[in-house]
Amino acid sequence: FARKSRLGVSAASKGVKLFNFGCGRSAAPCNKTMTVFIVFINFKLFLKIWMKIKSICEDFVVKESMDLKLCEGRYNYFLLEKKNWNTVEVIREIAKRLKIKEREIGFAGNKDRKAWTFQHVSIPSSKERVLGLKIKDVNLKYVGSGKERISLGELEGNYFEIVIRDIDSVDKVDRIVNYFVEQR
């Protein structure tokens with residue numbers, strides 16, 4: 001950990017939300033730096049450190065892990081890559097452009113606005129129509145089709161990649177305290 005550090009963390013789907021402070025509809029644009037106070041636990045030593053996270057969207061990467069059951073079916077599955085959008089807002093925009101109801105589009109979990117996120121969505125529209133959408137900071141990649149709509153909570157987990165800036169050196173981090181904070 002020196003001045004800029006990258007930290008990857010796996011988290012179970014039952015709500016592990018690491019370093020997720022004050023994001024959502026009212027979140028500041030991605031070029032605003034957030035300074036937060038985090039406590040690291042080294043089993044024997046407590047260190048209190050001031051640092052910056054989420055200086056830019058690429059500092060906070062969330063990749064959803066999901067076991068999709070691919071087969072012939074009504075729904076097309078896509079990997080949704082986004083920045084500067086929270087999940088509900090981007091689903092609303094996709095539905096509006098496809099002229100379908102928001103609730104027809106399925107997703108397994110809400111992801112941050114001030115982050116670079118990758119998550120799966122199910123959409124009951126043709127692959128070509130969806131891939132033809134042009135939305136700023138949004139990319140949809142076709143994964144396959146299936147019979148089931150993706151529902152909240154169906155993800156296996158999330159993988160986090162976090163860049164920590166303006167931090168003094170830390171010898172070793174055995175674990176990170178997980179604070180559950182209002183996320184969206």
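To be clear, the structure that these remarks concern was listed above.
Residues numbered from 1 in each chain as written. Predicted model: local features only at pLDDT ≥ 70, side-chain atom pairs only at ≥ 80, totals over all residues. Heavy atoms only, no water.

Caption draft 1: Local environment of the overall build of the protein. When helices and strands are counted, the protein shows 2 helices and 10 strands. Taken from the N to the C terminus, the helices and strands of the protein come in the order β-β-β-β-β-α-β-β-α-β-β-β. Considering the protein as a whole, with its 184 residues, one finds that 48% of them fall into the buried category. Of the roughly 10100 Å² that the protein leaves accessible, carbon and sulfur atoms contribute 51%. (Helix = DSSP H or I, 4+ residues; strand = E, 2+ residues; numbered from the N terminus. Buried < 20%, exposed > 50% of the residue type's maximum accessible area, 1.4 Å probe, protein only. Areas by Shrake-Rupley, 256 points an atom, 1.4 Å probe, with all protein chains shown as cover.)

Caption draft 2: Fine view of unusual backbone geometry. Located in the positive-phi region is Asn 84, a residue other than glycine, with phi close to 65 degrees. Along the chain, Asn 84 turns up in the loop between β5 (75-83) and α1 (87-98).

Caption draft 3: Inspection of the pairing of strand β7 (residues 116-123) at higher detail. Here β7 lies mainly inside the structure; 7 of its 8 residues are buried. Bridging between strand β4 (residues 60-65) and β7 involves 3 bridges; their strand directions are parallel. Counterpart to Val 62 in the pairing with β7 is Thr 117. For β5 and β7, the ladder comprises 8 bridges, and the chain directions are antiparallel. Bridge pairing in β7 links Glu 81 to Phe 118. Two strands pair when backbone bridges link them, and strand β6 (residues 106-107) and β7 are joined in this way by 2 bridges, in the antiparallel orientation. (Pairing = 2+ DSSP bridges.)

Caption draft 4: Representation of the environment of Met 66 in the model. The residue Met 66 is located in the loop between β4 and β5 in this model. On a C-alpha basis, the gap between Met 66 and Gln 119 in space is 8.6 Å, while along the polypeptide they are 53 residues apart. What Met 66 contacts, discounting residues up to four positions off in sequence, is Ala 108, His 120, Ile 150, Glu 154, Leu 155 and Glu 156. (Contact = heavy atoms within 4.5 Å.)

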